[in-house]
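Overview (structure and organization)
Okay, here's what each chain looks like letter by letter:
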Amino acid sequence: LGRPGAYANDESPVIRKWRVMARAGNNPPGDAAAWSPAYSLVSGEVPANDLGDAKQVWARGFVWVQAAGAVNLDINDLTGLELWVDGEKVTDPAQPLELSPGRRTLTIAIDRGKRGDVGLRVKFVTPTGSPLKLQPEGGI
């Protein structure tokens with residue numbers, strides 16, 4: 001770790017600490033559900049094996065927003081994913097999101113049949129001119 005190359009520290013604003021669970025359904029599980037922890041690699045990606053092997057898996061991550069503004073989510077691959085922010089479904093995760101101050105919850109439904117062996121990496125990209133300031137929970 002810390003060396004240049006594949007094992008260099010990646011300080012990108014990515015979610016590194018996730019909660020995951022296998023559960024079928026169209027609506028995100030509640031906070032009282034049986035979530036298990038999952039952590040990203042140095043690259044910021046949670047390997048597919050760490051997400052579980054069920055057909056549908058849910059992943060939940062958190063970000064602290066200090067100053068409201070727009071943000072783009074740079075998700076490694078949108079195939080087989082659905083996204084909710086604070087319980088509200090996001091129809092197009094490729095479009096900028098407006099985040100208000102406080103602890104925001106990102107919940108992602110992962111269809112493993114469509115996604116295959118692709119892991120999950122979510123990076124926050126602040127567009128030029130956006131006053132947004134944030135800190136993913138669990139490190140940067």
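Coordinates for the structure precede this section.
The notes below deal with the structure included here. (Residues numbered from 1 in each chain as written. Predicted model: local features only at pLDDT ≥ 70, side-chain atom pairs only at ≥ 80, totals over all residues. Heavy atoms only, no water.)

**Brief notes about the nonpolar core**
Trp-18, Leu-106 and Leu-120 are the most contacted members of the largest nonpolar core, which has 27 residues in total. Broken down by secondary-structure element, the contributors of at least two residues to this core are strand 1 (17-22), strand 3 (56-67), strand 4 (69-75), strand 5 (81-85), strand 7 (97-99), strand 8 (102-111) and strand 9 (122-125). Counting residues per element, this core draws most heavily on strand 3, at four residues. In contact with Leu-120, other than residues within four places in its own chain, are Trp-18, Gly-44, Glu-45, Val-46, Leu-51, Ala-59, Ile-75, Asn-76, Leu-81, Ile-108, Ile-110 and Arg-115. (Core = buried A, V, L, I, M, F, W, Y, C linked by side-chain atoms within 4.5 Å. Buried < 20%, exposed > 50% of the residue type's maximum accessible area, 1.4 Å probe, protein only. Helix = DSSP H or I, 4+ residues; strand = E, 2+ residues; numbered from the N terminus. Contact = heavy atoms within 4.5 Å.)

**Here we look at the pairing of strand 10 (residues 133-136)**
Side chains Leu-134 and Pro-136 project from strand 10 onto a buried face, and the interleaved Lys-133 and Gln-135 project onto a face without burial. With four bridges joining them, strand 3 and strand 10 adopt antiparallel strand pairing. Within the sheet, the bridge partner assigned to Val-63 lies in strand 10 and is Pro-136. (Pairing = 2+ DSSP bridges.)

**What about the environment of Leu-83?**
With respect to the element layout, Leu-83 can be found in strand 5. Exposure remark for Leu-83: the relative accessible area of 2% places this residue in the buried category. For the pair Leu-83 and Ala-59, spaced 24 residues apart in the sequence, the C-alpha separation amounts to 9.7 Å. When near neighbours in sequence (up to four residues on either side) are disregarded, Leu-83 contacts Leu-73, Glu-88, Lys-89, Val-90, Pro-93, Leu-106, Thr-107 and Ile-108.

**Some details on the pairing of strand 1**
Bridge count for strand 1 against strand 2 (residues 36-39) is four bridges, and the pairing is antiparallel. Looking at strand 2, one finds that Arg-19 is bridged to Pro-37. Note that strand 1 and strand 3 share four bridges and pair antiparallel. Within strand 3, the residue paired with Ala-22 across the bridge is Val-57.

**A look at the sheet that holds strand 9**
The sheet built from three strands is open, its strands ordered 7-4-9 with antiparallel pairing. The open sheet is flanked by strand 7 and strand 9, the only strands paired with a single partner. The average undirected angle you get between the axes of adjacent strands in this sheet is 45°. By the bridge criterion, three bridges tie strand 4 to strand 7 in an arrangement that is antiparallel. In the strand pairing of strand 7, Ala-70 is matched with Glu-98. (Axes fitted to C-alpha atoms, helices over the stretch in contact; angles between N-to-C directions.)

**Regarding the side chain of Asp-111**
Take Asp-111: it is sitting in strand 8. Polar side-chain contacts of Asp-111 include one of 3.3 Å to the side chain of Lys-55. Of note is the side chain of Asp-111, whose polar atom sits 3.0 Å from the backbone nitrogen of Gly-113. In contact with Asp-111, not counting residues within four places along its chain, are Lys-55 and Gly-80. (Polar contact = N/O pair within 3.5 Å; in protein donor to acceptor, adjacent residues only side chain to side chain.)

**Brief notes about the pattern of salt bridges**
As enumerated under the stated definition, the model contains five salt bridges in all. Here Glu-82 ties to Lys-89 by a salt bridge, and the two come within 2.3 Å at their closest N and O atoms. For Lys-89, a relative accessible area of 47% translates into the label partly exposed. (Salt bridge = Lys/Arg side-chain N within 4 Å of Asp/Glu carboxyl O.)

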